[in-house]
Amino acid sequence: MPISSVRSFSDPDDYSSSFRDFQYELTVTGGGDFTAEHVRIDLHEVRLQKYISRLPWVAHTATMKGRAIFALRAEPGLSLLRAGAEMQTTNVERLANGQTIYTRSSGPVSWGTISLPVDALAAIGAATAGCDFKPPIDVVTVTPLPTMMARLQRLHAAAGALAKEAPEIIANPEAARGLEYELVQALVACLRPAKDEEDAVAKRHHALVMRRFHAAVTASGDRPVYVSDLCSAIGVSDRTLQISCREHLGMGPQRYLLWRRMQHVRRALALADPKSATVTEIATAHGFWELGRFAGAYRSLYGESPSATLARAPDHVRSQHYSTVPARFSQTAYSDRLPSATVSDRRIGRPK
């Protein structure tokens, strides 16, 4: 039965858990109130989604097996990179089945996906385009003719508008079948052989590095992580890890790990029982040893002290708030205000 929904979010975890065809682990990398919207449309075999968010973020993405997933920019906007490559309004990207990659935005962005079963796409490609649409082993970027790309974007936008303004049309099986047919035809037209497929040796190596990076960081839990240890676990040089992280995350590994741990410590404070827990024990458990500098950085980022977060009842955690970052607050100032053990890439606080 065709169905659609439009949902708004103020919590990044709730937002990322609403996605279809992906597992998303989203880390917000800027200050401000997090707001997002997710439009979801299930036709018969085709699924459409549209994602709108306001703050910069980095997301580790794992794609679902069994479905052919295509990503496109819904409209022009700030930088949006997937697997280290800029998503352009002129391109369609096909994601690999079961692939894990990083996606990052630099601010307000709007993008979308179209997916359908792999077998259905293969049959359609053979019948209508004479093309072999077998699943790729890595992200494939296609640059269609401008008229073909514009048609696909218009249909995607029209479907999103119907979900908001006239969901009963999408719920009509015959209307949904007609929309699905038009979308598939437009998609296949865009996928016919086009110019400049992404060359891949370096990018595939960096993508492998980032998959190992994510596994190593995840295995560490909330413990402090050091870049030298990550390099050993991944089996790469410091320079390769720096290049891979800057390509995929838009920042070095130290900066990303710092943002990640600040987000973890905020969640831990918000979930803790203020009658039995203290800021000191929670902060130090996450590797923040110089509490004065930690408190200053925390207030600059979230607009309140760590003790204020802890004092709230745990049932308020779902209204997670990211306060506006003061103009004086830069990445350099942020590093300066955090404990040196969190900024160091190696030795501080560890035996030599």
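Description of the structure in this document. Since this is a predicted model, take the numbers as computed values, not measurements.

### Quick word on the packing of helix 8 (residues 238–249) against helix 9 (residues 253–271)
One can describe the packing of helix 8 onto helix 9 by two numbers: an axis separation of 9 Å at closest approach and a directional angle of 55 degrees. Considered as vectors, helix 8 and helix 9 are oriented oblique to each other. Listed contacts from helix 9 to Leu241, Gln242, Cys245 and Leu249 of helix 8 are Pro253, Gln254 and Tyr256. The residue inventory of the contact of helix 8 with helix 9, partitioned by class, reads 5 nonpolar, 2 polar and no charged.

### Focus: the pairing of strand 2 (residues 22–28)
A large share of strand 2 lies buried, amounting to 5 of its 7 residues. Bridge count for strand 2 against strand 5 (residues 57–63) is 7 bridges, and the pairing is antiparallel. Bridge pairing in strand 5 places Leu26 opposite Ala59.

### Regarding the packing of aromatic side chains
Scanning the model with the defined rule gives 15 aromatic pairs in all. One aromatic cluster in this structure is built from Phe9, Tyr15, Phe19, Phe22, Tyr24, Phe34, Tyr51, Trp57 and Trp111. Looking at Arg261, its charged tip hangs above the ring of Phe288, at a distance of 4.8 Å from the centre. Between the NZ or CZ atom of Arg266 and the centre of the ring of Tyr302, over which it lies, the distance is 4.4 Å.

### Some details on the pattern of salt bridges
As a working rule, side chains carrying opposite charge can pair if their charged atoms are close by. For the coordinates displayed, the defined rule picks out 12 salt bridges. Residue Glu182 pairs with Arg151 through a salt bridge whose shortest N-O separation is 2.7 Å. Separated by 31 residues along the polypeptide, Glu182 in helix 5 (residues 173–191) and Arg151 in helix 3 (residues 146–165) bring together distant segments of the chain. With its nearest N and O atoms 3.5 Å apart, the salt bridge here joins Arg293 to Glu290. Connected through shared salt-bridge partners, Asp21, Arg47 and Arg67 make up one network.

### Some thoughts on unusual backbone geometry
Most of the time, phi is negative for any residue but glycine, and the peptide bond is trans. Of note in the backbone geometry, Asp21 takes a positive phi value of approximately 70 degrees without being a glycine. Summarising the element assignment, Asp21 is placed in the loop between helix 1 (12–17) and strand 2. By relative accessible area, Asp21 is classed as buried at 2%. Positive phi is not limited to glycine here, since Ala83 has a value of about 55 degrees. In this fold, Ala83 is placed in the loop between strand 7 (80–82) and strand 8 (85–86).

### Details of the sheet that holds strand 6 (residues 67–73)
The sheet built from 7 strands is open, its strands ordered 1-3-4-11-6-9-12 with antiparallel pairing. The sheet is open, and its two edges are formed by strand 1 (3–9) and strand 12 (140–142), each paired on a single side. Taking each pair of neighbouring strands and ignoring which way they run, the sheet shows an average axis angle of 20 degrees. When strand 4 (residues 47–53) meets strand 11 (residues 109–117), the two strands line up antiparallel, connected through 7 bridges.

### Considerations on the sheet that holds strand 8
Here 5 strands make up an open sheet; going across it, the order is 2-5-10-7-8 and the pairing antiparallel. Sheet topology places strand 2 and strand 8 at the edges, where each strand pairs with a single neighbour. Bridge analysis of strand 7 against strand 8 gives 2 bridges, and the strand direction is antiparallel. Within strand 8, the residue paired with Leu81 across the bridge is Glu86.

### Some details on the environment of Ile169
As for its placement among the helices and strands, Ile169 is situated in helix 4 (residues 167–171). Given a relative accessible area of 39%, Ile169 falls into the partly exposed group. When the C-alpha positions of Ile169 and Pro2 are compared, they lie 9.5 Å apart, and in sequence the two are 167 residues distant. Beyond its immediate stretch of four places on either side in the chain, Ile169 contacts Leu162, Ala175 and Ala176.

What counts, and at which threshold
In every chain, residue numbers begin from 1 and rise along the written sequence. Reporting in this predicted model follows two pLDDT cut-offs: at least 70 for local features of residues, and 80 or more for side-chain atom pairs to be given and counted; totals over whole chains, interfaces and linings ignore these cut-offs and use all residues. As a rule here, side-chain values come from all non-hydrogen atoms in the structure, and water together with hydrogens is ignored. To obtain each axis, a line is fitted to C-alpha atoms, and for helices this fit is confined to the stretch in contact; angles are then taken between N-to-C directions over 0 to 180 degrees. Note on conventions: DSSP H or I runs of at least 4 residues are helices, E runs of at least 2 residues are strands, and numbering of each starts at the N terminus. By definition in this entry, angles of less than 35 degrees are roughly parallel, angles greater than 145 are roughly antiparallel, angles of 65 to 115 are roughly perpendicular, and the rest are oblique. When checking whether two residues touch, look at their non-hydrogen atoms; a contact exists if any pair is within 4.5 Å. Charged means Asp, Glu, Lys or Arg here, nonpolar means Ala, Val, Leu, Ile, Met, Phe, Trp, Tyr, Cys or Pro, and polar covers whatever is left, Gly included. Accessibility here uses a 1.4 Å probe with only protein chains present; expressed as a share of the type maximum, an area under 20% marks a residue as buried, one over 50% as exposed, and anything in between as partly exposed. At least two DSSP bridges between two strands are required for those strands to pair. When the centres of two rings from Phe, Tyr and Trp lie within 6.5 Å, Trp using its six-membered ring, the rings pair. Their planes under 30 degrees apart give stacked, over 60 give edge-to-face, and anything left gives tilted. Cation placement over rings: the criterion is NZ of Lys or CZ of Arg within 6 Å of the ring centroid and within 35° of the ring normal. In what follows, salt bridge is the name for a side-chain nitrogen of Lys or Arg lying within 4 Å of a carboxyl oxygen of Asp or Glu.

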